[in-house]
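Fold and contact review
Take a look at the letters that make up each chain.
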Amino acid sequence: AQTVTQSQPEMSVQEAETVTLSCTYDTSENNYYLFWYKQPPSRQMILVIRQEAYKQQNATENRFSVNFQKAAKSFSLKISDSQLGDTAMYFCAFMKLLSGNTPLVFGKGTRLSVIA
Amino acid sequence: EPEVTQTPSHQVTQMGQEVILRCVPISNHLYFYWYRQILGQKVEFLVSFYNNEISEKSEIFDDQFSVERPDGSNFTLKIRSTKLEDSAMYFCASSVETGGNTIYFGEGSWLTVV
């Protein structure tokens, strides 16, 4: 079974600074997807970024980028120029690449606070 | 932008009562899911649904749970006899395809069992 570990329960960052959230995972699969979801106080789950394991290039979405290290099974999220609206719970998630509905496996989350 | 919508946003129910949570997935999506998040814990998969049948379910999804797509737009989760430990946020989600396609979540239905 796959597991996702987020070792930082809480983090804080000053507005406009950069912060990196850690995620490691355990799998015997070779093909899979990784995601970061954001859950603000409104509690909606919002997709931040996704990475296909077969791609070596790290995914980037505006101020959000990942450092994907397949051999180390590491998938960290970097938020540049942090904004107050980035305050949220961030969940790392794993999905096998198979036919059929493969569920997302989530980590326990990292609570990020952006401080003015 | 199309989104997954859920009703109700919050429901309080007595232990032992039946609850139906409703969801309208994104219109061109074919795969539907329910996830659950107990307060302070991680999001957990309950069930996935495709072509009018369950395609995968977790250990949490026992006989008290059922899902249905009663018409072309709604996707429901029924909890037959609620227990205190069913109190959680229930997220509906959908995706166009499987195999790594992005899963889009609704805003959740917060269920409190008293």
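The preceding data block contains the structure.
Bear in mind the structure is a predicted one, so any value in this text is a computation, not a measurement.

**So, the sheet that holds strand E3 (residues 19-24) of chain B**
All names here are of chain B. Ordered by their spatial adjacency, four strands build an open sheet running E1-E3-E8-E7, and the pairing between neighbours is antiparallel. A single partner strand is all that each edge strand has here, and the edge strands are strand E1 (5-7) and strand E7 (65-68). Strand after strand, the sheet turns through a mean of 20° between neighbouring axes, direction not considered. Where E1 lies against E3, three bridges are found, and the strand directions are antiparallel. When the sheet's bridge partners are listed, Gln 6 is paired in E3 with Cys 23.

**A few points about the interface of chain A and chain B**
Much of the literature gives interface size as the accessible area that the parts lose upon coming together. Listed by partner, the interface residues are 21 residues for chain A and 26 residues for chain B. Summing both partners gives a buried area of about 2,000 Å² for chain A against chain B, and 54% of it is carried by carbon and sulfur. At the boundary of chain A and chain B, one finds zero salt bridges. Scanning the region where chain A abuts chain B turns up four residue pairs in polar contact (both at pLDDT 80 or more). Where the side of chain A that touches chain B is concerned, the elements lending two or more residues are strand E5 (32-39), strand E6 (46-52) and strand E10 (88-96) of chain A.

**Considering the nonpolar core**
Tyr 25, Trp 36, Phe 75, Leu 77 and Tyr 90 of chain A are the most contacted members of the largest nonpolar core, which has 25 residues in total. When residues of this core are traced back to their parent elements, those giving at least two are strand E3 (19-21), E5, E6, strand E8 (64-69), strand E9 (74-79), E10 and strand E12 (110-115) of chain A. The dominant element in this core, judged by the number of residues it contributes, is E10 of chain A, at four residues. Aside from chain neighbours lying at most four places away, what touches Phe 75 of chain A is Cys 23, Tyr 25, Leu 34, Phe 35, Trp 36, Gln 51, Val 66, Asn 67, Phe 68 and Cys 92 of chain A. Judged by nonpolar contacts, the second largest core, of 21 residues, contains Trp 34, Ile 79, Tyr 90 and Leu 111 of chain B.

**A closer look at the state of the cysteines**
Tallied over the full model, the rule gives two disulfides over all chains. The disulfide that involves Cys 23 of chain A links it to Cys 92 of chain A, with 2.0 Å between the sulfurs. Looking along the S-S bond of the Cys 23 of chain A-Cys 92 of chain A disulfide, the torsion reads about -70°, which is the left-handed sense. Here Cys 23 of chain A is found in the loop between E3 and strand E4 (24-26), whereas its partner Cys 92 of chain A is found in strand E10, with 69 residues between them in sequence. Here Cys 23 of chain A matches Cys 92 of chain A in class, with each residue buried. Each sulfur in the disulfide pair Cys 23 of chain B and Cys 92 of chain B lies 1.9 Å from the other. What sets the handedness of the Cys 23 of chain B and Cys 92 of chain B disulfide is the S-S torsion sign, and at about -65° it is left-handed. Of this pair, Cys 23 of chain B sits in strand E3 while Cys 92 of chain B sits in strand E9 (residues 88-95), and the two are 69 residues apart along the sequence. The class of Cys 23 of chain B is buried, set by a relative accessible area of 1%. Exposure remark for Cys 92 of chain B: the relative accessible area of 0% places this residue in the buried category.

**Regarding the pairing of strand E4 (residues 31-37) of chain B**
Residues and elements named next belong to chain B. Of all the seven residues making up E4, seven are buried; the element is thus mostly covered by neighbouring parts of the structure. Judged by which residues are buried, E4 turns out to be covered on both faces: Tyr 31, Tyr 33, Tyr 35 and Gln 37 on one side and Phe 32, Trp 34 and Arg 36 on the other are all buried. Counting the residues that bridge the hairpin from E4 to strand E5 (residues 44-50) gives six residues, and of these Gly 40 lies at a positive phi of roughly 80°.

Calculation criteria
Residues numbered from 1 in each chain as written. Chains lettered and ligands numbered in written order. Predicted model: local features only at pLDDT ≥ 70, side-chain atom pairs only at ≥ 80, totals over all residues. Heavy atoms only, no water. Pairing = 2+ DSSP bridges. Helix = DSSP H or I, 4+ residues; strand = E, 2+ residues; numbered from the N terminus. Axes fitted to C-alpha atoms, helices over the stretch in contact; angles between N-to-C directions. Contact = heavy atoms within 4.5 Å. Buried area = accessible area lost by both parts, 1.4 Å probe. Salt bridge = Lys/Arg side-chain N within 4 Å of Asp/Glu carboxyl O. Polar contact = N/O pair within 3.5 Å; in protein donor to acceptor, adjacent residues only side chain to side chain. Core = buried A, V, L, I, M, F, W, Y, C linked by side-chain atoms within 4.5 Å. Buried < 20%, exposed > 50% of the residue type's maximum accessible area, 1.4 Å probe, protein only. Disulfide = S-S within 2.5 Å.

No statement about biological role is implied by the geometric values presented.
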